[in-house]
Amino acid sequence: MLPFAECCVVIPCNSIEDFPSRLSSDAARSLLGGLTAAWHPRLIAATGRQPAWYRADELPAPVRAVRSDDQDVFSQPASDHAEAKYRLIIVPQASLTEIASEIRDCLVAESHGVIDRELEAHGDENFLNDVVIEVADRADAVRKIAAACEALGYRSDDQNFWNTSSDSFGRSGQRDIGASDFYALGYTWWQIQVLTRRLRYTSNLDQQHFENRLAEAASKLGVGETDAACAALHDCYDALAEERDHYFSSDPAILDLALVTPGTLNDWVKATEDSDGDVQLESTAGQSVPLATPQNVLVDEDVARAIQELPAEAANVARQSLQRSDIGICGGGPSSDLCVQRLSIGQVEDRVAGALAIVKETLGQLPTVYARLGGGIAADWLPAILAAKFQGVVPIDFINGVGFGEESKVILGESGDETEALTAKPIDADDDSAFLTLSALMGEAIDGGEIATSLLVHWPGQGCDSFHDVRRASTWTLALGKFWKIDEYFSEGERPYHHGSLPTPTVQTDLLVDPSDTTLSSTFAGQTQKNLLGMLALIDPDAATDSRNSTVDELRRKIASSLGYQTIAGKDAAAGSVVLIHPHSPPARQRISIAGKIAAHASSVFHASADGGQTQVIADVPAWGFAAIGEVAKSAVVEPSDDDPNFIQKMGRWLRPRIRKIVDGDRLSNEFMDVSLNREHGGVDGVYSGRGRGNRFSTRLIVTPVSAKQSVVAVCDRVETITDTKTLGEIAMSGRFVDPNDESRQFPVWEARYQLQRGSRQLIYRVKVAGPVPDSADDSAIWKHLPSLRIAIAESTPIIRCINSEKLRRTSARRFASTTGFQVEEADDRTTLVASDRPTIHRRVDERFLDTLITASVGSDWHTFAFGFDVRGPVASARELQSRDTLAVPIQASANGSAELAQRGWLMHVSPSTVEAQVVDIGVVSDQGKYLAIHFRVIQTAGKPAKASLRFCRGVHSVIEVSSLSRPLASSDAELTLADLESHAISHGVETDDDQIKWSQRAHGVVHFVVLFETGGDT
């Protein structure tokens, strides 16, 4: 028999109540590995008892030797070892810092030590000698126990008995029984004891009964009586389940989720093929049937595409693995490299819809739970996820480890758009430290009224010993929890009643620093084309349906023609008359040149001044509207009334002092601001604008010093006035960066231009950097070596809102990224917009400073900024840097009776100003007649709900809200019936009132409407 009369483990705590919950991965592996290795059936059969435990800081008391005539049931004993003489002490590496000196002194690396107790004997008393082993994990423990047995003279004919894998020593009913079942039982015993003692300070376990059945199971297994061993193990697991049910009657949920990538897809398929979980087990009287422990897998766009690219045979094998009855599937999300902040909302919608299409094509149908491997999920996607019939969502970014919440299962969304979400913090199934007090954490969740859920995530084929213990134990009992398929977890599991915070996608700062990226600017240009198409449809539906593929230039001319004006083809120089078309909101103020003279008091003219044979005009254009400027407007000018707001504005301008030029030395001035420039460093000394007195804004170029003693400053060498008129002022500056402590160091040279327009609230700043600029992807390196624009503001505690995905979002991060800029909110409702023509990264410095990286480098292009003060529509204003929103069309002055034509007007009015409307598509819908259909995307750019409305230049027949992923008007070949369109409807909560629609818009919400208009009648 084995030479051990007792087996014990020393643990780094005083009692079970303070069992460690936070250890390093290696320490936890050694502790749990040592505790469960002591439950090997061979050791239990030899000792006839459950393994003991002792505090690590005290030497275990000597154990008296008791002679035994019992035979080893696993092999014949050696003649000279008919009596057990040793006690086995297992020392996990986690306990090394606290163990008693007597134990530490006898430890031998890669072997065992012996503590001789003969000197402690008194009279006829004999004490067992202690065999001490230091263990790093379970496999190490079993190997050293086997080595110690052989060194002490024990020989085993069954070497495989010490195997730590899921080996089988026999079969009972429909399950294999082996050492793994005893390891899992040991892990379960510890978890239940920690749970009940830590949270209830007591234990209700019948320890004597448990120990008797445990010894019975081990001994019966040794003689091949697997049915009896199985029955005894069942009693042990049932005793632990009763112990847990005495205090916690509900079963925690366990989700085993494999994270798959294209590179690990084959590993997952192989691991699934090697498992036998898909075997359909039927209960038979008197037989043991393992409880189900299903697995789950995440299939996103990348994995689905990888399956499609496999050879036909391998792809079929992968699909068959996904169709197994014990496999739950979640996914459907776009690729992890999708940077939401870098794209427009329309582009993101297309990517999300494309991912769903690929996953559906690969799997044959969509999974019922929406998930994405990396990048997170945006709140805007929730209505579309619901419309796609998903039953639940997993908003966790598994790659970056964010997106989880304080509760495991919550409700996301608002009235009408609510769905259940799994927000449990993922547990690394390959890290034993996460399994130290797993049951106690679930017990705390149950006590807190939550839906206790353990989300165990791992890469294919991986998982620590404790993870496999949980899976093995769960085939015997629900004491640790019930394994769920993730679709059944949402369809049949417990329902949440708490609401969680709306999810947000992960900000990927490293993807926002590419100076050559033109994604957004091209997208905005494409949106301008769609908006122009929508404007043309509102004027002339027939012309619009034939112009779906027209360019921006063609559409603006068609709009002018539809308004009744005769356009001038190929006119590049200043024309005598133009029509300004603005397909966005808010209203725009545009600078144009007109040949000849115009009426300075025309309704759309903010300012006009003669410049040679031309007139420089600052014109106001309504949002989603047009304005005629020049000779064509002369005959249409009417006498302003006292109630005309335009007249009041003009009266105010007439009473002001004579208008001067914009530039005055180092200063730029207009109606809204005075800007003072610094000739020494080339930055802005101060901006004086709006309510309040004093400087509110200043800038300078810097290269962040490597150390506090090393300062690099910008020096201005040249100042030149480029343009100085009554409508526009521009000053150019150039210089270099200098290190006062080392003038030999080479730094980039810089060139900058400041531009201010009459009537504008924005100061345009362009900068170009040329010279030695290091190319480094390291975030800290680029801040140390690349030039940046340092901005100083007056407010010490400003609110920063960055512009990402066409929305204004508050951020408190020290470093943040933006696609088109950010806004600073100060006291007295003052706002300062810092817009950029490309994605940029920023950081806060002290209380009043913000740095923005200059990404235009090595003499490439200009990096353009717009500093706006109290501007209306910050998101739209920032967009203007990347797209030309207001378009001028030269027209004939005397054609078509221009005196009777509308000189100014709007085709659509959007309210409130924080809401932005975009045209997605147009079409024709038939239903006892034909209707013009325009698909709108409406975005609430602010983080507050709003009562929103759209008012049109023609009457509204009806409106249908559709999913953000639905494109019912996409087909231009066949007419869509009203019944077909209504099949896409997801809500009917939109009010119509003649030419207006009204609805409630969520904070940062995005909704899609298809609005139907009568095609007849006047506009």
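Whatever comes next refers back to the structure up there.
Computed from a predicted model, the values in this text were never measured in an experiment.

A. Highlighting the overall build of the chain. If you tally the helices and strands in the chain, you get 22 helices and 52 strands. In the chain, buried positions account for 55% of the 1019 residues. When the accessible area of the chain is evaluated, it comes to approximately 42200 Å², of which 45% is carbon and sulfur surface.

B. Quick look at the pairing of strand E25 (residues 673–677). When you tally the buried positions in E25, you get four out of five residues, the bulk of the element. Where strand E24 (residues 667–669) hands over to E25, the hairpin turn is made up of three residues, counted between the paired strands. Linking E25 to strand E26 (residues 684–689), which pair antiparallel, is a turn of six residues; within it Gly682 sits at a positive phi near 80 degrees.

C. Structural detail: the environment of Ala827. You can see Ala827 is positioned in the loop between strand E36 (821–825) and strand E37 (831–836). Residue Ala827 is classed as partly exposed on the basis of its relative accessible area of 37%. For Ala827 and Pro798, which are 29 residues apart along the polypeptide, the C-alpha to C-alpha distance reads 8.1 Å.

D. Quick look at the sheet that holds strand E2 (residues 52–55). One open sheet holds the five strands; their spatial order is E2-E1-E3-E5-E4, and the pairing between them is mixed. The open sheet has two edge strands, E2 and strand E4 (112–115), and neither has a second partner. Taken over all neighbouring pairs, the strand axes of this sheet differ in orientation by 30 degrees on average, direction set aside. Strand direction decides the pairing type here: strand E3 (residues 86–92) and strand E5 (residues 129–135), joined by seven bridges, are parallel. Within E5, the position partnered with Tyr86 by the bridge is Asn129. Packing against the sheet, helix H1 (residues 25–37) makes contact with strand E1 (4–11), E3 and E5, and its axis sits at approximately 160 degrees to E1.

E. A look at the sheet that holds E26. With antiparallel pairing, the four strands of this open sheet are ordered in space as E23-E24-E25-E26. Two strands in the sheet have a free side with no partner beyond their single neighbour: strand E23 (663–664) and E26. Where E23 meets E24, two bridges bridge the pair, whose relative direction is antiparallel. Pairing of Val663 across the sheet is with Leu668, part of E24.

F. Representation of unusual backbone geometry in the model. Here Ser585 and Pro586 are connected by a cis peptide whose omega angle stands at 0 degrees. Tracing the backbone through its elements, the reader meets Pro586 in the loop between strand E18 (577–582) and strand E19 (588–595). In this chain, Ser911 is followed by Pro912 through a cis amide linkage whose omega measures -5 degrees. Assignment of secondary structure puts Pro912 in the loop between strand E43 (908–911) and strand E44 (915–926). Residue Ser805 is not a glycine yet carries a positive backbone phi of 50 degrees. Within the secondary structure, Ser805 is located in the loop between strand E33 (799–804) and strand E34 (807–811). One non-glycine residue with positive phi stands out, namely Glu806, at about 60 degrees. Following the sequence through the fold, Glu806 ends up in the loop between E33 and E34. A relative accessible area of 9% means that Glu806 is categorised as buried.

G. Just the pattern of salt bridges, in detail. Under the criterion given, the structure shown has 44 salt bridges. A salt bridge links Glu225 to Lys220; the nearest nitrogen and oxygen atoms lie 3.3 Å apart. A salt bridge links Arg351 to Glu301, with the shortest nitrogen-to-oxygen separation between them at 3.8 Å. Taken together, the positions of Arg351 in helix H11 (residues 345–363) and Glu301 in helix H9 (residues 301–309) put the pair 50 residues apart, joining distant regions of the chain. Members of the salt-bridge network, linked through shared partners, are Glu6, Arg49, Arg87 and Asp130.

Rules of the game
- Residues numbered from 1 in each chain as written.
- Predicted model: local features only at pLDDT ≥ 70, side-chain atom pairs only at ≥ 80, totals over all residues.
- Heavy atoms only, no water.
- Helix = DSSP H or I, 4+ residues; strand = E, 2+ residues; numbered from the N terminus.
- Buried < 20%, exposed > 50% of the residue type's maximum accessible area, 1.4 Å probe, protein only.
- Areas by Shrake-Rupley, 256 points an atom, 1.4 Å probe, with all protein chains shown as cover.
- Pairing = 2+ DSSP bridges.
- Axes fitted to C-alpha atoms, helices over the stretch in contact; angles between N-to-C directions.
- Contact = heavy atoms within 4.5 Å.
- Salt bridge = Lys/Arg side-chain N within 4 Å of Asp/Glu carboxyl O.

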